[in-house]
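# An overview of the molecular structure
The chain contents come next:
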Amino acid sequence: KDFGNFQLGSISGLKYNDINGNGIKDGGEGSLSGWKIYLLSSDSLTKVDSFITTNSGYTFSNLHAGTYYVIEKNQSGWFQTSSTPTEMSLSSGSNFVNINFGNFQYGSISGQKYHDLNGNGVKDNGEPGLSSWKIKVTGPKIDSIMTDGSGNYSFTGLISGNYTISESMQNGWYQTSPQLPGTYGISITSGSIQTGKDFGNVQYGTISGTFFQDINRNGVKDVGENGLSNWKVHLSGNRTDSIVTDNNGNYSFSSLPLGGYAVSEDIQSGWLQTLPSTPGIYSITMTSGGSFTGKDFGNVQITSISGMKDRK
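This write-up is about the structure you can find in this document. Keep in mind that what you see is a predicted model, and the values were worked out from it rather than measured. (Residues numbered from 1 in each chain as written. Predicted model: local features only at pLDDT ≥ 70, side-chain atom pairs only at ≥ 80, totals over all residues. Heavy atoms only, no water.)

### Some points on the nonpolar core
Ile 207, Tyr 251 and Val 263 are the most contacted members of the largest nonpolar core, which totals 16 residues. Of all the elements in the fold, those that place two or more residues in this core are strand 20 (205-213), strand 21 (232-237), strand 23 (250-256), strand 24 (259-265) and strand 26 (282-286). With residues up to four places along the chain from it excluded, the contact list for Ile 207 reads Leu 235, Tyr 251, Ser 252, Phe 253, Leu 256, Tyr 261, Val 263, Ile 284, Met 286, Phe 292 and Lys 295. With 13 residues, the next largest nonpolar core counts Ile 109, Tyr 163, Ile 165 and Ile 186 among its residues. (Core = buried A, V, L, I, M, F, W, Y, C linked by side-chain atoms within 4.5 Å. Buried < 20%, exposed > 50% of the residue type's maximum accessible area, 1.4 Å probe, protein only. Helix = DSSP H or I, 4+ residues; strand = E, 2+ residues; numbered from the N terminus. Contact = heavy atoms within 4.5 Å.)

Laid out in structure tokens, this is it:
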């Protein structure tokens, strides 16, 4: 007259934030509460029970003999990094522990592309965003996007790892932020939200004008007054350079960064300058995208009158 008994089993574990995404619960990786864990019977893969995790994890108890699975209900913005084993066969007294679920919350990196009007490498009030500039990300994820109408960009769905954010430079512009090498190096862990990764840019400026023969010496280029070719013009200040005028007397300094400049001429022997007025130079403060035209130089050729006084 025997009595047989079966000791009910259990399955338990933790739900944790896998900060580094390595699929292992490391020190300092806290538990995740409020996640649903399902218990499934392997016979029909039907849901036998469910449990909402607490800071202590989850436990399915009073389980009869059989083969079971535990799965989680994933939450938006997260992906699963670990869950072992996948199948458990319960016999009398079986207690499966440390059946843990690790999850990593996707990270993001965002910022703005802006017109750095004063070139100080900081986004100041009134400096607008720049739309339709390409921003690139490399690392575990390789991608590129165009800035929106306000100059904003955002890379989402990033897994654990090291990333580099850079911009595709456009012709006629130069970068003021970030500092050299002009990129951002960012390490993403679970839930990382990296903001303020901004890119500042300034548009190069130009200074141009014409050298002309000021026949009437009035300091104005009048009709019929020809340009002077092969005259040297100097640029000093934030950039130092010199060029000679073309066949029509024209000159142009381009790709100029912000800063102060002075434009002057090499006066040729036998000539007198009539424009600009004393001290005979142009002082210019370059702005982003500034186009300073009409910086003309007028010159008149010195003539002579001679004769002889006869002694009578």
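The discussion continues.
### Overview of the packing of aromatic side chains
This model, assessed by the stated rule, comprises 18 aromatic pairs. Aromatic pair Tyr 153 and Phe 199: ring centres 6.3 Å apart, planes at 50 degrees, arrangement tilted. Of the two residues, Tyr 153 sits in strand 14 (residues 152-158) while Phe 199 sits in strand 19 (residues 199-203), which places them 46 residues apart along the sequence. For the pair formed by Tyr 153 and Phe 199, the shared burial category is buried. Ring centres 5.3 Å apart and planes at 85 degrees place the aromatic pair Tyr 282 and Phe 297 in the edge-to-face group. Highlighted residues: Tyr 282 in strand 26 and Phe 297 in strand 28 (residues 297-301), separated in sequence by 15 residues. For the pair shown, Tyr 282 and Phe 297 are each scored as buried. Here a set of aromatic residues connected by ring pairs shows up, and it is made of Phe 211, Trp 231, Tyr 251, Phe 253, Trp 271, Tyr 282 and Phe 297. Sitting over the face of the ring of Tyr 38, Lys 47 holds its NZ or CZ atom 3.9 Å from the ring centroid. (Phe/Tyr/Trp six-rings, centres within 6.5 Å; stacked < 30°, edge-to-face > 60°. Lys NZ or Arg CZ within 6 Å of the ring centre and 35° of its normal.)

### Re the sheet that holds strand 8 (residues 88-90)
The sheet built from 4 strands is open, its strands ordered 4-3-6-8 with antiparallel pairing. On the outer flanks of this sheet lie strand 4 (46-52) and strand 8, each paired with one strand and no other. Taken over all neighbouring pairs, the strand axes of this sheet differ in orientation by 30 degrees on average, direction set aside. Looking at chain direction, strand 3 (residues 36-41) and strand 6 (residues 66-72) are connected through 5 bridges and run antiparallel. Pairing of Ser 41 across the sheet is with Tyr 68, part of strand 6. (Pairing = 2+ DSSP bridges. Axes fitted to C-alpha atoms, helices over the stretch in contact; angles between N-to-C directions.)

Remember that the coordinates give geometry; whether it matters functionally is a separate question.
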